[in-house]
Every structure is written in structure tokens, then in C-alpha cells.
Amino acid sequence: MTSGADPGAGSPAPRSADVARVAGVSRKTVSRVLNNEPYVSDEARRRVLAAAEELGYRLNNAARALASGRTRSIGVVSLGTAGYGTASLLVHIEQAVRDAGYALRVVNTPDGDPDGIAAALESLLDQGVDGIVVSEPIVEGKVRVRLDVPVCFLGAPPAFPASRTVTVGVGAHDLARAATEHLLDLGHATVHHLAGPRRWYATKDRIEGWRAALAARGAHEPPLLNGDWSPASGYAAGRALASDRSVTAVFASGDEMAIGLIHALREAGRRVPEDISVVGFDGNPVFAYVSPPLTTARQPLEAAAAEGIRLLVHAIERPDADLPPASDPPVELVVRGSTAPPPSHRR
């Protein structure tokens, strides 16, 4: 095959050995160039990139990116957890990054450790990413780092300085308010709240939305309960609430806590929704198939990820241009069988 051959239908896909032959360098040099490694002369780098482009080598997008001084990669700092919300958000970030023509680099962090977050950011910078998404829901203490690449904070306020900062929310405050208003609209005098861990930004947003809904209706604010997102913590809260016959409605800050809560209530002889209505938060589709099917505030994770990556890519590719306005996240309450009017409103 000559250097000008067309790798069309029926032809084998070009390999790194073909790029090396056309460029007149070793395969190791090709690997170093396409992985943006040091110790390669400018002339060798130019020949490898030209050969990769000419042959249509499968990494030609990366080659063009390297030629322009960018890796066309975006890094993500994420809490290492298998929880539905965190894991789903990461999946949607990956899809949005890929749709934008970038590669993804992910570094998980310890639980809210500022030093761990700083180390994760340094690791991504060492990989030459063009921008960073921070999907870390906990930051305790000062993160001692300043970044010279754009940073998108998803679902949390900025925690450290960067060359350009993009902040995209997931609408947790409005979703929590909608969940609480749904229960009040059904006729419940007030709504108890099972919150998440106090250190999480999401917990604070959901508490504020719950409180805002109660205040707007002049409803009494019951004492707050805190869980840890697990069904076990929801179960413990359910046991604590089951003996209080004045409790007719509970908004749980996570679907898994809501399921544990319902299990404890039913064990104690409290029917859901006949005696107590329960609303969850997240929108995990699995809980449409429990008994009763769970009413939940569905987080717009896909929309938030797409919006965050859209703005981040704009900041990367047009560093001197103003950022376009961010779209408001949708508010979606999925009403199922775990909510109903209180016993006093039924015959």
C-alpha cells in the first residue's frame, strides 16, 4: 500500500505500523506522539500527525487535536459511589462529552477530602485535559488549587478558582419544593422531611425547597430527620415516625431512603398511602415497580449534564467569548401510588 492509498471498503483499517512506515519513524514514536508524550522532536511529531491524517488512522481526531495544542479531552472529578444519582450523572456526562467530540478522563475522590480533590485535579491536569467537570457533591475545607482551564461545577457552587467557571444546577431546590407542594395540595396539614447527610450540597438544597414550600403555605415545620441515602437509614426513620399518629406525609430526600421508610411504616401497621403518603427524590426507574409504586421528584440528570458540557465546551473553544445563558433545569414530579389525601380527607 502506498502512502496515498485509499483505505476504503474492503481495505484493512490502518494500523500504527502503517503510520510509522509512512512517517518514517518507529512505532514507539507514533505512540508517543498520539499520546502526547515528551521526548519527540517537532519534525517527527509533524510527520506522524500528517501520516495519521493521510491514512485516516482511527486516532486522527486526537492527532488533529494534538496539532492544535489541545487533547480534546475533558476530566471529571466525581465521588466514588455507586449511588443512583451520582452514577447516573456520570453516565450522562460521558455521553455528553462523547457527543461533543471529546474524550473523557475520570478521577474518583475520597469522601469530601479537600486534599483528595486537589490530587484528583492535579492528576487531570497532568493528563492535559482541556476542561474539568466537578461532580463532587461534598467539599469540606479549602481546596488549595487554582486551575488554568475552564471548570464546570455540576449541582454545587464553585469550590476553588479557575480561569473560567461554569455553574449548572440540577434544580434540587425547585424539585424539593414541588414534592412538598404535591403533598400539601393533597390536603396534608404539614410534611415531614427525611433529609440526606448534612455535608452534601444536595441535602441543603432539598431542605431549603421543603422549607420554602411549608412557609409559603403557612404550614408548621416539623423536626428534621437525617439519613445517609441508604434504605437502612430510611428504615430507622420510619420506625421513629411510625408511632406518631399525627404524621400523614413524608418527603424523603432520596428514593432508597423512601423505600426503607415505607418498609418500616408497613411493618408497624401504618399503610402507605392510606395512612401516610411518601414522596422520594431522584427518579430511579426501579421504584416504579415496588408496592406501592413510589411517587418521586425526578432529577434532570441528562439535561444537567448536557447543559454543563455545552457551556464547558463553549468556554474551552471560545475562551474570549461571553458564555451563553444557561437553561433552567426542568422540574418533573412523577406521581404514582405512594401518595394520597390524608385520612381526614377520605370517607
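Residues numbered from 1 in each chain as written. Predicted model: local features only at pLDDT ≥ 70, side-chain atom pairs only at ≥ 80, totals over all residues. Heavy atoms only, no water.

Throughout the structure, instances matching the rule amount to eleven salt bridges. Between Arg177 and Glu181 there is a salt bridge whose closest N-O contact spans 3.1 Å. Of this pair, Arg177 and Glu181 both sit in helix 7 (residues 172-185), separated by four residues, roughly a single helical turn. A residue is classified by how much of its surface remains accessible, and Glu181, at 23% relative accessible area, is partly exposed. Taken together, the shared-partner salt bridges in this structure form one network comprising Glu43, Arg46 and Arg47. (Salt bridge = Lys/Arg side-chain N within 4 Å of Asp/Glu carboxyl O. Helix = DSSP H or I, 4+ residues; strand = E, 2+ residues; numbered from the N terminus. Buried < 20%, exposed > 50% of the residue type's maximum accessible area, 1.4 Å probe, protein only.)

Both faces of strand 8 (residues 249-252) are covered, namely the face carrying Ala249 and Phe251 and the face carrying Val250 and Ala252. As paired elements, strand 6 (residues 192-195) and strand 8 share three bridges and run parallel to each other. Directly across from His192, in strand 8, lies its bridge partner Val250. With helix 10 (residues 255-267) bridging strand 8 and its parallel neighbour strand 9 (residues 277-282), the resulting β-α-β unit is right-handed. (Pairing = 2+ DSSP bridges. Right-handed = clockwise from strand over helix to strand, strands pointing away.)

Bringing the confidence of the model for the protein into the picture now. Residues at a pLDDT of 70 or more form 90% of the protein, whose mean pLDDT is 87. Low pLDDT (under 50) marks residues 1-10, which in the prediction has nine contacts with non-local residues, meaning those over four places away or in another chain. Across residues 60-64 the pLDDT falls below 50, and counting only partners more than four positions away or on other chains, this stretch makes seven contacts in the model. (pLDDT = per-residue confidence, 0-100. Contact = heavy atoms within 4.5 Å.)

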